[in-house]
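Here's the letter readout for the chains.
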Amino acid sequence: MNRATSLIRRVRLITHTDPTLVANYLPFPIFAPAWTPAPPLTCHHARFLATKQGKGHGKVQKVKPKQDKQEVEIKQKMTVSALAQAMNKDFDHVFEALLNTSVDLDSLEPHSVLEEQWIKEVVKRSGMKYKWAKLVESKERENKDTQRRAPPDPAVLVSRPPVVTIMGHVDHGKTTLLDSLRKSQVAAGEAGGITQHIGAFLVQLPSGEKITFLDTPGHAAFSAMRARGALATDIVILVVAADDGVMKQTIESILHAKKAQVPIIVAVNKCDKHQADPARVKQELLSHDVVCEEYGGEVQAIHVSALKGDNLLELAEATVTLAEVMELKGDPTGLVEGTIIESRSDKGKGPVTTAIVQRGTLKKGCTLVAGKTWAKVRFLFDENNCTVKEAGPSTAVEIVGWKELPSAGEEILEVESEKRAREVVDWRCYQEEQDKLKEDMQAIEVKQREHHESYKKEREPLAHLSWRQRKSALYKANKKLMAMRPSEKLESQELSLPLIVKGDVDGSVEAILNILESYDAHNQCQMEVVHFGIGDVSENDLNLAETFSGTIYGFNVGVNKSVQQMATKKGIILKMHKVIYKLIDDLKDELSSKLPPSVKENVIGEASVLAMFDVTVGKKKVPVAGCRVQKGQLDRKMKFRLVRGRDVIWEGSLTALKHHKDDVQMVKTGMECGLSVDQDIEFRPGDEIVCYEETETRQTISWDPGF
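A quick note: this is a predicted structure, and the numbers were derived from the prediction, not measured.

In this structure, Ile-166, Leu-177, Phe-213, Ile-237, Ile-265 and Leu-315 are the most contacted members of the largest nonpolar core, which totals 26 residues. Of all the secondary structure elements, the ones that give two or more residues to this core are β4 (163-168), α6 (174-182), β5 (199-204), β6 (210-215), β7 (235-241), β8 (264-269) and α11 (312-326). Ranked by the residues each element gives to this core, the list is headed by α11, at 7 residues. Grouped together as the second largest cluster of nonpolar side chains are 22 residues, Leu-499, Phe-555, Leu-583 and Leu-595 included.

The structure is reproduced here in structure tokens:
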């Protein structure tokens, strides 16, 4: 009763309601005397019911922190491999997550596309949560490139010197012709008398007229450089030797001139020789649509002797006359435009370019852009290495101040400020990255298609197997492939030649790389250019050569003593050359040295087995073949082969060779002998014994670079 009364009192204090109403909600009847109002309390003490927490009173129950599930970005038409990658799992995990579903697991491959419901199901079964990948819209970047200016106002145009390119076949006298014109000896400084890179020179005639000459190499390796020379010129002087006629590079030069739509003047050189035939040269030119004035055409043909200086003034006057007819004019105002003829790295000057100014006036302090680099012009030099203050249209000049070395053939454009130059370079780099990305994507798509087709073809024989059987078969195949013999691995490493190519100027390196691109003997020996650059051989080149076990080929570059000593210490081969065809010949020799020698077999003698018997040697019976030599001779030192019908039964060496009872070294035709071999072989009458020797001959690489 006391417990019931106490409970009613507590409830009354909480609810402040009539006790009779509270009683109706109690779970048991109350037997108590009639309730009488109590005097008002000065202080109410209420004790609330405590709930049981834990094993003891006063302890707070620990709540486990909610674990965040891994989020997986999903999208429509995901492949199995893409989903596995997004979940950071492998293919088998996705496969196992789809067990006991309606998905056909036997047809499931890494490239298989999953439906949306199964993508979500895999994520859920993996204890993860999915979210849809956001489509990112890339903002189109503003074009910050700079372009050539609009055609100039005729009122600002002034007369300019013609830019003349000397072209022709190798050793037809182009450099000698220029020497005579500018009274210098460039040929004496060239290796083997061959011009190795483009030279640009301003020549002033006695009459006062000026001509800017470009000397392009005539060698076949420099075809691309000749093409750039033609595109930057007004007139082409085609040098053809009167005793040699039209040759391969002569034809190429004609094609370059026609492509650039440049008029031609023919200089028939070496007319002082006894076997010279200028008329034959002009007739040969007819077959290439070069019609001289004598045959009713418009092409001037001047008979000259560059060595003796005959008719050179006539050639210069013919050039000036043609230039006057063409009315060559240039705009010396506004922003500069030009073309890089050559680029090189100089120890004292840094990156240096030889350029032809085509528009505007180039001065010290100008900001130029070429390709993906820019320059604040610090110095300008002429062909005599003298500083000049400015260079107008048709002037050849060396520019110092480039941040990096631009490529020959690049277009030079002046911009307003360094900030603008950086914007242009950044835009061009970005544009190149985008173009490369597009190319890469196309290449990836092609590769994926090829891979998909080969993948299907490889798995066709395994189509009848279950996924576990197929996986086991593929594992065994891969294991067999990886278990390649060490000798095979060593052979594959030996038959390769990594190259580091260094050249004096950009055009020379480009020409060498163009030749190396024609390499087509990879089945014999792999060749790869791991690095190329301009300038002398450096420690970085040695480090690369050491890393790739490569060879360094230098063209017209130097090697300082410390680098040479380091190369010797590391065992790195340095091959320095000054003539390009000698470099290529050296490279062919090195490639050939990598090839294993070819083994040639020479048959020395043949014998037929007449009988077979056993001879006891110690406690062992040794089979001996009784033979007669039918052809040549049997020499015990050579190798032997036992042939039965068309099958080779044994190959090896003899352990004994006897004539009657005597050990002999050699048995000749018609003689009988007994012989035993280094294996247990059952001889039969009629078997053939062949004696032969193997000779090794050096293989030669099949690559033909064209010269």
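It is the contact of helix α16 (residues 539-548) with helix α17 (residues 561-570), at a shortest axis distance of 10 Å, that shows an interaxial angle of 10 degrees. Between α16 and α17, the angle falls in the class roughly parallel. Handedness of the α16/α17 crossing: right-handed. Here Glu-539, Leu-542, Asn-543 and Glu-546 of α16 lie close against α17, whose contacting residues are Val-563, Met-566, Ala-567 and Lys-570. Taken together, the residues of the contact of α16 with α17 break down into 4 nonpolar, 1 polar and 3 charged.

Turning our eyes to something else, we now look at the packing of aromatic side chains. Inspection of the entire model under this criterion finds 3 aromatic pairs. Taking 6.2 Å as the distance between ring centres and 40 degrees as the angle between the ring planes, the aromatic pair formed by Phe-379 and Phe-381 counts as tilted. Overall, the relative accessible area of 10% leaves Phe-381 in the buried class. For the ring pair Trp-427 and Tyr-430, a centre distance of 5.6 Å and an interplane angle of 45 degrees mean the geometry is tilted. Taken together, the residues Trp-427 and Tyr-430, both in helix α12 (residues 418-459) and 3 residues apart, mark about one turn of the helix. For Trp-427, a relative accessible area of 9% gives the class buried. The positively charged end of Lys-349 is found above the aromatic ring belonging to Phe-381, 4.0 Å away from the centroid.

Right, let's talk about the confidence of the model for the protein chain for a bit. Counting all residues, the mean pLDDT for the protein chain is 80, and 79% of those residues have values of 70 or more. Under a pLDDT of 50 for its full length, residues 1-59 has, in the predicted model, 21 contacts with residues more than four places off or in other chains.

Read once around its circumference, the closed barrel built from 6 strands follows the order β11-β12-β17-β15-β14-β18, with strand pairing classed as antiparallel. Each adjacent strand pair in this sheet contributes to an overall mean axis angle of 50 degrees, direction not counted.

In terms of residue burial, β8 counts as a mostly covered element, since 6 of its 6 residues are buried. Bridge analysis of β8 against strand β9 (residues 300-303) gives 4 bridges, and the strand direction is parallel. Residue pairing across strands places Ala-267 opposite Ile-302, the latter belonging to β9. The handedness of the β8 to β9 crossover, carried by helix α10 (residues 278-286), is right-handed.

Turning to the side chain of Glu-337, a few remarks are in order. Considering the arrangement of structural elements, one finds Glu-337 in strand β11 (residues 337-346). Looking at Glu-337, the relative accessible area reads 4%, which means it is buried. The residues contacting Glu-337, other than those within four sequence positions of it, are Arg-148, Arg-149, Val-357, Gln-358, Arg-359, Ile-412 and Leu-413.

This part is about unusual backbone geometry. Although it is not a glycine, Gln-261 adopts a positive phi angle of roughly 55 degrees. Relative to the helices and strands, Gln-261 resides in the loop between α9 (248-259) and β8. The phi angle at Asp-289 is positive, at roughly 60 degrees, despite the residue not being glycine. With respect to the helices and strands, the residue Asp-289 is situated in the loop between α10 and β9.

Okay, α16 next. For α16, every residue scored as buried is listed here: Asp-541, Leu-542, Leu-544 and Ala-545. The arc enclosing the buried residues of α16, seen along the axis, measures out at 160 degrees, which places them on a common side. Among the structural elements, β19 (496-503), β20 (526-534), β21 (551-555), α17 and β22 (574-577) are those in contact with the buried residues of α16. Positive phi appears at Ser-549, one or two residues downstream of α16, with a value of about 55 degrees.

The rules behind each value
Residues numbered from 1 in each chain as written. Predicted model: local features only at pLDDT ≥ 70, side-chain atom pairs only at ≥ 80, totals over all residues. Heavy atoms only, no water. Core = buried A, V, L, I, M, F, W, Y, C linked by side-chain atoms within 4.5 Å. Buried < 20%, exposed > 50% of the residue type's maximum accessible area, 1.4 Å probe, protein only. Helix = DSSP H or I, 4+ residues; strand = E, 2+ residues; numbered from the N terminus. Axes fitted to C-alpha atoms, helices over the stretch in contact; angles between N-to-C directions. Parallel < 35°, antiparallel > 145°, perpendicular 65-115°, else oblique. Left-handed = near helix turned anticlockwise from the far one by under 90°. Contact = heavy atoms within 4.5 Å. Nonpolar A, V, L, I, M, F, W, Y, C, P; charged D, E, K, R; others polar. Phe/Tyr/Trp six-rings, centres within 6.5 Å; stacked < 30°, edge-to-face > 60°. Lys NZ or Arg CZ within 6 Å of the ring centre and 35° of its normal. pLDDT = per-residue confidence, 0-100. Pairing = 2+ DSSP bridges. Right-handed = clockwise from strand over helix to strand, strands pointing away. Arc of directions from axis to C-beta.

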